[in-house]
Amino acid sequence: MFYHIAKAIGWILFKIFWRMEIIGSENIPKKGPLIIASNHASYLDPLILGISMKRNVHFIAKKEVFNNVFGNFICRKLNAFPVDREKIIDMTALKTSIHIVQCGKVLGIFPEGRRSNNGKLQEFKLGIIKIAMKTGAPILPVGIIGSNRIYPRGKIFPTLFRHKIIVRYGSPKYLESKNNRDKDYQKESLDMISEQIKTLTSR
């Protein structure tokens, strides 16, 4: 209930403040397991993805935001779960991610691992490919345009009304699970997703 109320309020606010436009929503599978991969340049990005999709999204979030009672409450209610970014592989977060996808739900990941300082796409981490190949779920590339202008790193409050948010959904990408030990195939798949998102974020 909390998730749906927050989503409805968020939709109204994002339409008013930033004239949010969604392109390619017909590419979003209506059911079944799904992994969303998006660029990340602002704290607004998880909210943008959650609001722009009809389906509920479960996000991986840095463990620091769960350290206080309020942050922990909000994140849990919005289907987020923690990851320790200092670890090369956080096995608890990885197992949780796989479980969510195997249950036929939507997992939201920012493959860059952290927000970009300048809005440009950073190097992707392989975790998203490993989850996709383990579960057989498609990866849906998404490009968010405008959030880095509205609420970039280091800014205390977001800019209102001046900029527009555009969300572009690409087509789902299926990976061959039989190649889950092929490191070259994993790297090629990661580069493909990166290029897709780069295209979706170009104006």
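See the structure printed just above.
Residues numbered from 1 in each chain as written. Predicted model: local features only at pLDDT ≥ 70, side-chain atom pairs only at ≥ 80, totals over all residues. Heavy atoms only, no water.

## Here's the deal with the overall build of the chain
Thought 1: When helices and strands are counted, the chain shows seven helices and seven strands.
Thought 2: Each helix and strand of the chain, ordered N terminal to C terminal, gives the series α-β-β-α-β-α-β-α-β-α-β-α-β-α.
Thought 3: Computed over C-alpha atoms, the radius of gyration of the chain comes to 16 Å, within 12% of the 17 Å expected from 2.2 N^0.38 for 203 residues, which places it in the range of a compact globule.
Thought 4: Dimensions along the principal axes, computed over C-alpha positions, put the chain at roughly 50 × 40 × 35 Å.
Thought 5: By the burial criterion, 45% of the 203 residues in the chain qualify as buried.
Thought 6: For the chain, long-range pairs separated by at least 24 residues make up 72% of all intrachain contacts whose partners lie at least 6 apart in sequence.
Thought 7: Per element, the accessible surface of the chain, about 11400 Å² overall, is 55% carbon and sulfur. (Helix = DSSP H or I, 4+ residues; strand = E, 2+ residues; numbered from the N terminus. Rg over C-alpha atoms; globule rule 2.2 N^0.38 Å. Buried < 20%, exposed > 50% of the residue type's maximum accessible area, 1.4 Å probe, protein only. Contact = heavy atoms within 4.5 Å. Areas by Shrake-Rupley, 256 points an atom, 1.4 Å probe, with all protein chains shown as cover.)

## Topic: the sheet that holds strand β1 (residues 21–23)
Thought 1: Reading across from one edge, β1-β7-β6-β2-β5-β3-β4 is the order of the seven strands in this open sheet, with mixed pairing throughout. Edge strands, defined here as strands with exactly one partner in the open sheet, are β1 and β4 (80–83). Along the sheet, successive strands turn relative to each other by an average axial angle of 25°, direction set aside.
Thought 2: Across four bridges, the pairing between strand β3 (residues 57–62) and β4 is parallel. The partner of Ile60 across the bridge, within β4, is Phe81. (Pairing = 2+ DSSP bridges. Axes fitted to C-alpha atoms, helices over the stretch in contact; angles between N-to-C directions.)

## Examining the packing of helix α1 (residues 2–18) against helix α2 (residues 45–52)
Thought 1: One can describe the packing of α1 onto α2 by two numbers: an axis separation of 9 Å at closest approach and a directional angle of 105°. Here α1 lies roughly perpendicular to α2, going by the angle between them. Residues Tyr3, Lys7, Gly10, Trp11 and Phe14 of α1 lie in contact with α2, whose contacting residues are Leu47, Ile48, Gly50 and Ile51.
Thought 2: The residue makeup of the contact of α1 with α2, split by class, is six nonpolar, two polar and one charged. (Parallel < 35°, antiparallel > 145°, perpendicular 65-115°, else oblique. Nonpolar A, V, L, I, M, F, W, Y, C, P; charged D, E, K, R; others polar.)

## Brief notes about the pattern of salt bridges
Proximity of charged atoms lets side chains of opposite charge pair with each other.
Thought 1: Scanning the model with the defined rule gives three salt bridges in all.
Thought 2: Between Asp191 and Lys187 there is a salt bridge, and its shortest N-O distance comes to 3.0 Å. Taken as a pair, Asp191 and Lys187 lie in helix α7 (residues 183–200) at a separation of four residues, close to a single helical turn.
Thought 3: When the shortest N-O distance is used, the salt bridge between Glu195 and Lys198 registers 3.6 Å. (Salt bridge = Lys/Arg side-chain N within 4 Å of Asp/Glu carboxyl O.)

## Some thoughts on the nonpolar core
Thought 1: Of all hydrophobic cores here, the largest spans 24 residues; its most connected members are Phe14, Ile36, Ile48, Leu49, Met53, Ile165 and Tyr169.
Thought 2: Val83, Leu107, Tyr185 and Ile197 belong to the second-largest nonpolar core, a separate cluster that totals 23 residues. (Core = buried A, V, L, I, M, F, W, Y, C linked by side-chain atoms within 4.5 Å.)

## Quick look at the packing of helix α4 (residues 91–102) against helix α5 (residues 127–135)
Thought 1: Look at α4 against α5: their axes get within 10 Å of each other, and the N-to-C directions meet at 45°. Considered as vectors, α4 and α5 are oriented oblique to each other. In this structure, α4 crosses over α5, and the sense of that crossing is right-handed. Between α4, through Leu94, Ser97, Ile98, Val101 and Gln102, and α5, the contact on the second element is made entirely by Ile131, Lys134 and Thr135. (Left-handed = near helix turned anticlockwise from the far one by under 90°.)

## Describing the environment of Phe161
Thought 1: By secondary structure assignment, the location of Phe161 is in the loop between α6 (147–150) and β7 (166–169).
Thought 2: Put simply, Phe161 and Ser38 are 123 residues apart on the chain and 23 Å apart in space, counted from C-alpha to C-alpha.
Thought 3: When near neighbours in sequence (up to four residues on either side) are disregarded, Phe161 contacts Ile16, Phe17, Trp18 and Arg19.

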